[in-house]
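Residues per chain, in single letters:
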Amino acid sequence: MPSDRTSNDSSSTGDSSILSDRSGASDDRVATVGTAETIASQSNCGEPVVGDCSASSANADAGLTSSGEAVPGPAIAYQAPSDIEAGNSAPPSKFAKAFSFAQTVGFAFGIVALQMGQGILLARLLGPVGRGEYATTVLYVQMLLYIGLFGGVEVICRYAADRTVETIKLRRAAMWLGLTTGVVTTGLVVLCNVIALPNEKAYLMSLGCLCAFSVIGQHVMLIMTAVDRGAGDFSKYNVRRFVSAAAFPALLLVAAFVTDVTLNLACVLFVIASAISMGACVFGLPKLATGKSEPPVKQLLKESRPYGVSMLATDLFERLDLLLVMWLVPLLTQGFYAAMVPVVYPLTVIPNTLGIYLFNTAADRSKRLRTSDVHRILGGSIAIQTVSTIVFIILIGPLVKLVYGEEFAPAIVFAWWLAPVSAIKGILQGLDSYVKGRGKPLAPIRCRIVASLVMLGLTAAFVGSYGAIAIAVAALVGQVICLVWLSAIVYADVREQNAVIE
């Protein structure tokens with residue numbers, strides 16, 4: 001039951017590097033995967049120093065959410081502590097790395113397919129106006145979902161990777177942290193629905209408040225799966241992630257065969273799907289309420305603050321267009337726009353997955369990128385995304401008419417503009433992973449703020465003449481600004497590292 005956000009949540013073994021095999025210097029560490037970075041320690045200035053568990057926010061997504069998840073830090077494949085202590089570890093083979101990357105891409109595309117199927121079902125069952133109404137009811141859930149995690153995924157992922165806490169105790173701590181952030185965020189979503197809906201859409205307030213309760217289940221799922229990623233238990237992680245992604249479209253499909261799916265029923269199923277996702281994570285955990293958990297929630301929240309701030313800026317920027325669409329255009333147009341958001345998801349998958357490995361390279365202190373490596377990685381990503389976008393734009397018109405129906409033909413123009421937005425977003429998520437792997441989660445905040453202000457200015461200037469198209473174009477301009485700015489940050493960091501070495 002993902003939100004309308006792409007899956008940053010690709011998983012992968014955190015045992016690989018883009019450029020070369022790891023040395024045996026970190027044999028006491030375990031890879032992590034998912035949507036988060038981890039902090040090994042805090043420097044004197046408060047800047048987090050990345051340890052062996054990482055995450056790429058973005059994106060994610062997967063599972064209940066659409067947007068991004070943790071990325072592994074520099075480490076070897078999963079091993080029991082006894083094996084590590086005995087010195088029996090061995091670096092992963094090239095085949096293992098290739099298989100890991102292929103598996104990661106495969107799961108990411110699989111979850112994207114589920115999200116697209118969900119989008120098609122919602123469009124077919126509710127129609128353009130109903131799709132717009134549904135987009136309104138879940139908008140604040142989507143906007144606050146990752147922000148409300150407040151970096152909890154990252155800090156849990158770190159503990160799991162470092163094995164400083166017994167896994168069962170850490171899983172309970174993750175559950176309590178997810179419940180805590182989930183309850184607080186649910187309250188914020190309810191408040192936003194009560195006071196921050198346009199007058200002509202205020203009748204959807206009660207359904208928006210109902211959907212708010214899905215946040216609790218989603219937070220528990222996202223934070224608890226960080227334990228699997230951090231511990232290197234990717235089989236469980238992938239199964240739980242897939243269950244989370246499949247729950248909502250499966251419920252919609254069953255309901256469509258049994259009865260007429262209304263907006264009210266879709267919202268109820270949305271909340272039920274989040275409970276299923278949470279159940280998949282707590283299943284088998286002994287003494288849920290009475291067992292000892294470690295570390296305490298208060299400590300986890302304190303350690304996660306830098307990543308929470310970074311996520312706040314990133315998610316507000318990435319969802320700003322959806323917020324503007326809700327406030328500035330009628331429900332019919334909002335339905336067309338929202339229906340095309342999952343259609344462009346596939347354009348983020350490959351560079352987003354590459355970001356997982358970029359994080360590993362950045363966080364590995366024994367490895368350094370050269371300027372030529374950045375040229376190759378960034379140039380290759382832009383080339384792949386450009387070709388993919390062109391092919392997408394050529395094919396998307398007939399496909400939308402075939403899959404969504406003729407009534408969604410006016411939505412095709414939004415897909416044309418959102419395609420490059422999504423393609424650039426995938427590259428940005430990869431660059432973000434590198435920056436966070438270097439222990440600088442706050443570095444991209446300024447560019448997101450500037451890009452958001454530019455988006456607001458362009459929308460204010462042109463929405464009266466061009467409607468929702470102006471918002472899509474503004475989103476594209478914002479993504480281009482961030483791409484140039486974040487690329488400059490990466491280049492500067494690489495030059496700084498190489499200058500120190502020389």
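What this report covers is the structure whose coordinates are included nearby. Keep in mind the model is a prediction, meaning the values are calculated, not measured.

**Some details on helix α15 (residues 412–437)**
- Relative to the 38 Å expected for 26 residues at 1.5 Å per residue, α15 spans 37 Å between its end C-alpha atoms, a close match to the ideal helical length.
- Along its length, α15 reaches its greatest deviation from straightness, about 30°, at L418, and the proline P420 lies no more than four positions downstream.
- Within α15, 23 of the 26 residues are buried, which leaves the element mostly enclosed by the surrounding structure.
- Of the residues flanking the end of α15, it is G439, one or two places downstream, whose phi is positive at about 80°.

**Structural notes on a nonpolar patch on the surface**
- There is a patch of nonpolar side chains on the surface, built from V387, I390, V391, I394, L395, L399 and L402 and spanning about 680 Å² of accessible area.
- Along the chain, the position of L395 falls in helix α14 (residues 371–404).

**A look at the side chain of T348**
- Here T348 is to be found in the loop between α12 (331–340) and α13 (349–363).
- For T348, a relative accessible area of 0% corresponds to the buried category.
- Polar side-chain contacts of T348 include one of 2.9 Å to the backbone oxygen of Y345.

**Here's the deal with the nonpolar core**
- In terms of nonpolar packing, the biggest core is built from 119 residues, with Y134, I156, Y337 and M340 touching the most fellow members.
- When residues in this core are grouped by element, the largest group, 16 residues, is from helix α2 (residues 94–149).

**A few points about the packing of aromatic side chains**
- Within the structure shown, the criterion is met by seven aromatic pairs.
- With 5.9 Å between their ring centres and 80° between their planes, F336 and F408 make a pair best called edge-to-face. Linking F336 in helix α12 with F408 in the loop between α14 and α15, this pair joins segments that are 72 residues apart in sequence.
- Under the relative-accessibility criterion, F408 is labelled buried at 0%.
- Where F462 meets Y466, the ring centres are 6.4 Å apart and the plane angle is 55°; that geometry is what we call tilted. Highlighted residues: F462 and Y466, both in helix α16 (residues 445–466), separated by four residues, approximately one helical turn.

**Some points on the pattern of salt bridges**
- The tally for this structure, following the rule as stated, stands at seven salt bridges.
- The shortest N-O distance in the salt bridge between D373 and R370 comes to 3.5 Å.
- Taking relative accessible area as the criterion, D373 reaches 4% and is therefore assigned buried.
- R376 serves as the salt-bridge partner of D373, at 3.4 Å between the closest nitrogen and oxygen. Placement of both D373 and R376 in helix α14 is noted, with a separation of three residues, approximately one turn of the helix.
- On the basis of relative accessibility, which here comes to 46%, the residue R376 falls in the partly exposed class.
- Three or more residues are tied together by salt bridges with common partners; here these are R171, D228 and R240.

Calculation notes
- Residues numbered from 1 in each chain as written.
- Predicted model: local features only at pLDDT ≥ 70, side-chain atom pairs only at ≥ 80, totals over all residues.
- Heavy atoms only, no water.
- Helix = DSSP H or I, 4+ residues; strand = E, 2+ residues; numbered from the N terminus.
- Expected span 1.5 Å × (residues − 1).
- Bend = angle between axes of the 7 residues up to and from the residue.
- Buried < 20%, exposed > 50% of the residue type's maximum accessible area, 1.4 Å probe, protein only.
- Patch = residues over 30% accessible without salt bridge, like charges linked within 9 Å, V, L, I, M, F, W, Y side chains within 5 Å.
- Areas by Shrake-Rupley, 256 points an atom, 1.4 Å probe, with all protein chains shown as cover.
- Salt bridge = Lys/Arg side-chain N within 4 Å of Asp/Glu carboxyl O.
- Polar contact = N/O pair within 3.5 Å; in protein donor to acceptor, adjacent residues only side chain to side chain.
- Core = buried A, V, L, I, M, F, W, Y, C linked by side-chain atoms within 4.5 Å.
- Phe/Tyr/Trp six-rings, centres within 6.5 Å; stacked < 30°, edge-to-face > 60°.

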